[in-house]
Amino acid sequence: MTHVETELNSQPECWTRAAAGAAEHGSVLPAAGERVAIVGCGTSYFMAQAAAALREASGQGQTDAFAASEFPRGRAYDRVVALTRSGTTTEVLDLLGELRNSTRTTAVTADPATPVMSLAHDTVVLDYADERSVVQTRFATTALTLLRAHLGLHTDRVVEDARTALATPLPQGLVDCAQFTFLGRAWTVGLASEAGLKMREASLSWTESYPAMEYRHGPISITTTGTATWMFGEAPEGLAQQVRDTGGLWIEGTLDPLAELVRAQRLAVAVAAARGLDPDRPRHLTRSVILTP
């Protein structure tokens, strides 16, 4: 079994632990009414998008999400939350250093022995969700679970759905598809983007992701026999049939969207295996992007 498989299979236990510990970290996570930005790179950026949409939709306060390199320096926030598994990513560290004297910052990380611990004002360490793999699975979803629980939006059903996602066979014919499109709405747009990234990283697949209502505005033109369209959350009315009419394979998201992401992670590993690829050694990637001056 690869590191990726071992780690993605451990997610129900990690989520349970993160949810149980959310109250312990409540004082360093965004308070209701604060104006907040959540930042990250790669997978962490997509988790930031999901968390920001959840927080704002729940009425907790204005919340934006940015890739760390694209943070708007002239915009004021009460708190900036940085998601960084390694604690060493250059863009995140540079941003935290810039904000040190102006904005309260919290870093959610997996490794307490890294520079992020001294650059952020507050830290949350999820060391039990750290990973050996380059391809992120459990740290990202555990960090999002922590933030969902902090917002009061996590339930035991999410963990049960994750167990179902791990135990249930993937839809027939899905692994053989040549192209994959992931769709989301509201907070699941970030999850759809992350599903596409997992497929690209682990299996070198042709994947795309869109807000579901945007899919009709051009992207559906690539859908045909041998392609798959996977919906995270509730689909817009009529979209499933439109996809089926093209001859494409429609995958309905029946589980909690975060558990659907677990299914997509499994798909990435399965497609990699079918293509003779090692998901623990993704092409051109390293565990952390550290740029030299």
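Enquirer: Tell me about the environment of Leu-197, and name the residues and values.
Expert: If you trace the backbone, Leu-197 turns up in helix H8 (residues 188-203). Residue class for Leu-197 comes out buried when judged on its relative accessible area of 15%. When residues no more than four places from it in sequence are discounted, the contact partners of Leu-197 are Gly-42, Thr-43 and Phe-46.

Enquirer: Talk me through the pattern of salt bridges; I want residue IDs and the actual numbers.
Expert: Once the charged atoms of two side chains with opposite charge are near each other, the side chains can pair. For the structure on display, the rule yields 15 salt bridges. A salt bridge links Arg-73 to Glu-98; its shortest N-O distance comes to 2.9 Å. In this pair, Arg-73 sits in the loop between strand E2 (63-67) and strand E3 (79-84) while Glu-98 sits in helix H4 (residues 90-99), placing the two residues 25 residues apart along the sequence. Note on Arg-73: relative accessible area 43%, which makes it partly exposed. Overall, Glu-98 belongs to the partly exposed group, its relative accessible area being 45%. Between Glu-131 and Arg-85 there is a salt bridge; the shortest N-O distance is 2.5 Å.

Enquirer: Can you tell me about the packing of aromatic side chains, naming the residues and giving the values?
Expert: Going through the model one piece at a time under the given rule, you end up with eight aromatic pairs. Judged by centre distance (6.4 Å) and plane angle (70 degrees), the rings of Phe-66 and Tyr-77 are edge-to-face. Separated by 11 residues along the polypeptide, Phe-66 in strand E2 and Tyr-77 in the loop between E2 and E3 bring together distant segments of the chain. In this pair, the class of Phe-66 matches that of Tyr-77, namely buried.

Enquirer: So what's going on with the nonpolar core? Which residues, and what values?
Expert: Most often, soluble globular proteins have nonpolar side chains that are buried together. If you look at the biggest cluster of nonpolar residues, it comprises 65 residues, and the most contacted ones within it are Val-108, Leu-144, Phe-180, Phe-182 and Leu-191. Top element by residues in this core is helix H10 (residues 257-274). It accounts for nine residues. The next biggest cluster of nonpolar side chains, apart from the first, holds 16 residues, and it includes Ala-37, Phe-66, Phe-71 and Leu-99.

Enquirer: Got a sec to walk through the side chain of Thr-90? Specific residues and values, please.
Expert: Structurally, Thr-90 is set in helix H4. In this structure Thr-90 comes out as buried when scored by relative accessible area, which is 13%. Not counting residues up to four positions away in its chain, the partners in contact with Thr-90 are Val-289, Ile-290 and Leu-291.

Enquirer: I'd like to hear about the sheet that holds strand E1 (residues 36-40), residue by residue, with values.
Expert: Taken together, five strands build an open sheet; the order of strands is E2-E1-E3-E4-E5 and the sheet is parallel. Two strands bound the open sheet, and with one partner strand each, they are E2 and strand E5 (122-125). Direction aside, neighbouring strands of the sheet carry axes that sit 20 degrees apart on average. With respect to the sheet, helix H3 (residues 43-57) is in contact with E1, E2 and E3, its orientation differing from that of E2 by roughly 170 degrees. In the packing of helix H6 (residues 138-150) onto the sheet, contacts are made with E3, strand E4 (104-109) and E5, and the angle to E4 comes to roughly 135 degrees.

Enquirer: Give me the lowdown on the pairing of E2, citing residues and values where you can.
Expert: Along E2, four of the five residues are buried, which leaves the element largely enclosed by surrounding structure. Here E1 runs beside E2; their pairing, made up of five bridges, is parallel. Its bridge partner being in E2, Ala-37 is matched across the sheet by Asp-64. In this fold, E1 hands off to H3, which returns the chain to E2; that crossover is right-handed.

Enquirer: Any details on the packing of H6 against H10? Residues and values, ideally.
Expert: At a closest axis distance of 11 Å, the pairing of H6 and H10 adopts a crossing angle of 180 degrees. In terms of orientation, H6 and H10 fall into the roughly antiparallel class. Within the contact between the two elements, H6 uses Thr-141, Leu-144, Thr-145 and Arg-148 and H10 uses Leu-258, Leu-261 and Gln-265. A class-by-class count of the residues in the contact of H6 with H10 yields three nonpolar, three polar and one charged.

Enquirer: Break down the side chain of Thr-2 for me, citing the residues and quoting the values.
Expert: Topologically, Thr-2 is positioned in the segment before helix H1 (3-9). Thr-2 gets classed as buried once you look at its relative accessible area, which sits at 16%. Filtering out sequence-adjacent residues up to four positions away, Thr-2 remains in contact with Asp-278, Pro-279 and Asp-280.

Basis of the calculations
Residues numbered from 1 in each chain as written. Predicted model: local features only at pLDDT ≥ 70, side-chain atom pairs only at ≥ 80, totals over all residues. Heavy atoms only, no water. Helix = DSSP H or I, 4+ residues; strand = E, 2+ residues; numbered from the N terminus. Buried < 20%, exposed > 50% of the residue type's maximum accessible area, 1.4 Å probe, protein only. Contact = heavy atoms within 4.5 Å. Salt bridge = Lys/Arg side-chain N within 4 Å of Asp/Glu carboxyl O. Phe/Tyr/Trp six-rings, centres within 6.5 Å; stacked < 30°, edge-to-face > 60°. Core = buried A, V, L, I, M, F, W, Y, C linked by side-chain atoms within 4.5 Å. Pairing = 2+ DSSP bridges. Axes fitted to C-alpha atoms, helices over the stretch in contact; angles between N-to-C directions. Right-handed = clockwise from strand over helix to strand, strands pointing away. Parallel < 35°, antiparallel > 145°, perpendicular 65-115°, else oblique. Nonpolar A, V, L, I, M, F, W, Y, C, P; charged D, E, K, R; others polar.

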